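# Remarks on the overall topology
Chain by chain, the residues:
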Amino acid sequence: MPSRWIPTLLSLCLLSASSLAADVLLTKKRDADEFGFQDRVTQGAKNQKVEIWIGPDRVRRDDGRTALILRLDQKKLYFINHTDRTWSATDLRQKGTRWTATATFLPPPGQEVWRWHAKTEPTGETRKVGSWQAAGHRIALTSETGMAERVRLVWWVASDLRVDDAAWRVLTSLLASFDPAGEEWVAAVQTIPGHPVLFEQAVQQPEVEVTLREELVAVKEGEAPAGLYEVPDGYRVIDLAAYREAYGWPPPL
């Protein structure tokens, strides 16, 4: 092989290795209605910027108010509130490819436990979301109580968007597992090939319909800032139950 090809091949190998090692930053725009539930007002926001950094064994999702940090290497999931500068965490367990949290939150005594059952249905529609061509998938929910029938979920997926999002999928599954309704709907969504570029949800409350929309606006590969996957200095640790009581529980999406 002529020597003039060697630097080119070495450069390609280094570029490939760098790309594989790089983290991915997903920047999203979130629009969520604010409403009252169980004596607590949820933190809705319009045009809220959400940044999700994804590494091989870690994720950080940050909306400016709160952050979630998943560290599979530490078997920890951290919950952070920037406003009060507090944080908490739960330990994780791994069995095969499945991750579970040691923390569990049972419903109050006497409250009925109901589960959502889910299946995905292609809507047959396609649309442009940012620079990606996406196909629509409806998540059909059912439950014994009928509550699920008041929820509409549509997931727009770009099959040609290649993102190594395995750790992010673990995070969404863990968050859904804390809900008594279960994580079956998230598991159903994760069977769709490709990466989601738009998530739309509408929940019919007794007097109003509450909507949520989260759209992917940018994807970038690069080295995560130093300390990004760590709890910020100066934040105060609190008990996980106290954290949940004070701030509510983060949704899977």
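Predicted model only: the values in this text are computed from it and were never measured. By convention here, each chain's residues receive numbers from 1 onward along its written sequence. In keeping with the model being predicted, local features are shown solely for residues with a pLDDT of at least 70 and side-chain atom pairs are shown and tallied solely at 80 or more, while totals for entire chains, interfaces and linings include all residues. Hydrogens are left out, water is left out, and the side-chain values use all remaining heavy atoms of the structure.

### A closer look at the overall build of the chain
Looking only at helices and strands, the chain features four helices and 15 strands. Of all 253 residues assigned to the chain, the portion counted as buried reaches 42%. Whether two residues touch is decided by their heavy atoms; if any such pair falls within 4.5 Å, the residues are in contact. Within the chain, residue pairs in contact and separated by at least 24 positions form 59% of the contacts whose partners lie at least 6 positions apart. Residue burial considers only the protein chains on display, and all accessible areas are found by Shrake-Rupley using a 1.4 Å probe. When the accessible area of the chain is evaluated, it comes to approximately 14,200 Å², of which 53% is carbon and sulfur surface. Strands here mean DSSP runs of E at least two residues long; helices mean DSSP runs of H or I at least four residues long; both are numbered from the N terminus. Exposure categories follow from relative accessible area, calculated using a 1.4 Å probe and restricted to protein chains: below 20% of the type maximum is buried, above 50% is exposed, and the middle band is partly exposed.

### Structural notes on empty space enclosed by the protein
Empty space among the atoms can be located by rolling a probe the size of a water molecule over them. A pocket, in this scheme, is an open set of points on a 1 Å grid over the protein atoms alone with protein on both sides within 12 Å along at least 5 of 7 lines, while a cavity is a set where a 1.4 Å probe fits but cannot get out; residues line either one if an atom lies within 4 Å of a point. Grid points are joined across faces, edges and corners, and a volume is the space filled by probe spheres set on the points. Across all of its chains, the model carries three cavities of 30 Å³ or more by this definition. Lys28, Trp155, Pro196, Val197, Leu198, Phe199, Glu214, Glu215, Leu216 and Leu253 are the residues that line the largest cavity. Those elements that place two or more of their residues in the lining of the largest cavity are β13 (195-204) and β14 (209-222). No other element matches the four residues that β13 contributes to the lining of the largest cavity.

### A closer look at helix α4 (residues 240-247)
Here α4 starts with a cap whose side-chain oxygen sits 2.9 Å from the backbone nitrogen of Ala241, and that cap is Asp239. Gly248 sits one or two positions beyond α4 and adopts a positive phi of about 80°. Throughout this description, a polar contact denotes any pair of N or O atoms lying within 3.5 Å of each other; where both atoms belong to protein, one of them has to be capable of donating a hydrogen while the other can accept it, and for residues adjacent in sequence the pair is counted only when both atoms sit in side chains.

### As for the nonpolar core
Nonpolar cores were defined as sets of buried Ala, Val, Leu, Ile, Met, Phe, Trp, Tyr and Cys residues, with membership established by side-chain atoms within 4.5 Å. Ranked by internal contacts, the top residues of the largest apolar core, which has 56 residues, are Leu70, Trp155, Trp185 and Val197. For Val197, the residues in contact, after removing those within four places along its chain, are Val129, Trp132, Ala134, Trp156, Ala158, Leu161, Glu214, Glu215 and Leu216. Of all hydrophobic cores here, the second largest spans 11 residues; its members include Ala67, Ile69, Tyr229 and Tyr235.

### Describing the pairing of strand β9 (residues 98-101)
Side chains on a regular strand alternate between the two faces of the sheet. What you see with β9 is a clean split: Trp99 and Ala101 sit on the buried side and Arg98 and Thr100 on the side with no burial. Each pair of strands is called paired provided DSSP finds at least two bridges between the two strands. In terms of strand pairing, strand β8 (residues 86-95) meets β9 through four bridges, oriented antiparallel. Across the sheet, the residue bridging to Gln94 is Trp99, located in β9. Where β8 hands over to β9, the hairpin turn is made up of two residues, of which Gly96 adopts a positive phi near 65°.

### Topic: the packing of aromatic side chains
For any pair of aromatic rings, geometry is given as the distance between the ring centres together with the angle between the planes. We call Phe, Tyr and Trp rings a pair once their centres come within 6.5 Å, taking the six-membered ring for Trp, and we label the pair stacked below 30 degrees between planes, edge-to-face above 60, and tilted otherwise. Counted under the stated rule, the structure contains seven aromatic pairs. Ring geometry for Phe79 and Trp249: centres 4.8 Å apart, planes at 40°, overall tilted. Note that Phe79 is positioned in strand β7 (residues 76-81) and Trp249 in the segment after α4, a separation of 170 residues in sequence. According to the relative accessible area criterion, Phe79 is buried, its value standing at 0%. With a centroid separation of 6.2 Å and an interplanar angle of 25°, the aromatic rings of Trp185 and Phe199 are classed as stacked. Residue Trp185 is located in helix α3 (residues 184-189), and its partner Phe199 is located in strand β13; the two are separated by 14 residues in the primary sequence. The buried category is assigned to Trp185, whose relative accessible area is 7%. Feature note: the residues Phe79, Phe178, Tyr243, Tyr247 and Trp249 constitute an aromatic cluster, connected by ring pairs. A ring is considered to have a charge above it if a Lys NZ or an Arg CZ atom is located within 6 Å of its centre and within 35 degrees of its normal. Above the plane of the ring of Tyr229 lies Arg58, whose end atom (NZ or CZ) is 5.6 Å from the centre.

Worth remembering: the numbers are spatial, not functional.
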